[in-house]
Each structure stands twice: as C-alpha cells, then as structure tokens.
Amino acid sequence: MDAEIEHRFTNAGLEVVARYTGVDGPSVEEAFRRVVHIDATPVQRINKRGPDASHRVDDAWKTRAREGGVVADDGTFLAAGSMRYGWVHVRLTPATDISALADQAGELLFIARSLSGHRICAASTEGSEYWILTPDFPAEE
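Structure report, in brief.

Thresholds, definitions, all that
- Residues numbered from 1 in each chain as written.
- Predicted model: local features only at pLDDT ≥ 70, side-chain atom pairs only at ≥ 80, totals over all residues.
- Heavy atoms only, no water.
- Helix = DSSP H or I, 4+ residues; strand = E, 2+ residues; numbered from the N terminus.
- Expected span 1.5 Å × (residues − 1).
- Buried < 20%, exposed > 50% of the residue type's maximum accessible area, 1.4 Å probe, protein only.
- Contact = heavy atoms within 4.5 Å.
- Phe/Tyr/Trp six-rings, centres within 6.5 Å; stacked < 30°, edge-to-face > 60°.
- Lys NZ or Arg CZ within 6 Å of the ring centre and 35° of its normal.

### Regarding helix H3 (residues 53-67)
The terminal C-alpha atoms of H3, which comprises 15 residues, lie 21 Å apart, in line with the 21 Å expected from a rise of 1.5 Å per residue. Burial in H3 covers these residues: Ala 53, Val 57, Asp 58, Ala 60, Trp 61, Lys 62 and Ala 65. Buried positions along H3 lie against strand E2 (44-47), strand E3 (76-82), strand E5 (109-113), strand E6 (120-126) and strand E7 (129-133). Just downstream of H3 lies Gly 69, where phi reads positive at about 80°.

### Some remarks on the packing of aromatic side chains
In this structure the tally under the stated criterion is three aromatic pairs. Ring plane angle 65° and centroid distance 5.1 Å describe the contact between Trp 61 and Phe 110, whose orientation is recorded as edge-to-face. Taken together, the positions of Trp 61 in helix H3 and Phe 110 in strand E5 put the pair 49 residues apart, joining distant regions of the chain. Residue Trp 61 is classed as buried on the basis of its relative accessible area, which comes to 0%. Residue classification places Phe 110 among the buried positions, given a relative accessible area of 2%. With a centroid separation of 6.3 Å and an interplanar angle of 85°, the aromatic rings of Phe 77 and Phe 110 are classed as edge-to-face. With a gap of 33 residues between them, Phe 77 in strand E3 and Phe 110 in strand E5 connect regions that are remote in the sequence. This pair shows no difference in class: Phe 77 is buried, exactly as Phe 110 is. Joined through ring pairs, the aromatic side chains of Trp 61, Phe 77 and Phe 110 make up one cluster. The cationic tip of Arg 8 hangs over the ring face of Phe 9; the distance from NZ or CZ to the ring centre is 5.2 Å.

Fair warning: the whole summary comes from geometry, so function is off the table for now.
What follows is the structure, encoded as structure tokens:
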C-alpha cells in the first residue's frame, strides 16, 4: 500500500481495506475522463462559498453514492488513489468526510466506484461550485 495514499484516505476518515488489484470495470483513468469531460453534467451543484459548503458536499456525495449503488451494504467501495496507482478498496466510517480530501486551494476531486465497476460517484470543484457526478459504466453484454 502506498503510504501517502493511505494517509490521505485515513485523514478523511475512510478505512483503507487494501489496494484493489482486480481488472474488471473501468480504470481510474477511464473514470477520470468521464468525470472531467466537457459534457459531464452534475446531478447536484453546491455553492462552494456557501455556508457549510464542505459539510454539504460530503453529505451530498454520501447520499448519492449510497442511493446509486456505489457503496456496498457493508460500506465498502473503490476510491481513486491516483492515475498510476489505481483503485483502493475503502470503507465508510462514522468519521468519513470527503471534503478533507480537498487540496490547500480548496479544490476537490474524489472519484469512487462500485465494487462491480458499473457505478461511479464523484465530487469535484468546478469554478465556484462543487459538483456531484454519477456517470454509469454499463455491464458488458
């Protein structure tokens, strides 16, 4: 496990289970391209400068991720470690706060996918807003 990635996730209150070594589903790079694509449309927008914006983006992401089937019944899902490192198997805890993953400038990009790989839920900063995005990666037929 990469110590820097593990530290970043644990500081955001996520339990790190293991590095994901599976090959099914989209890669971090494929998910990233779908989330930052010019035609990406958020399912929710949150004013970044509004009151309690960090709390609101955390709550919105958790709600959408659970409702959208990204988070398994046991609280686990895959989180993007980095383009090169790939996915990390993590679990939500009562202390999880994804807004803690924002950089020093307050920019946030957190991409998570379901264990099956068919669902993605991301939180990103776009201008003066946080966006929640939920692109699908349908199962191969």
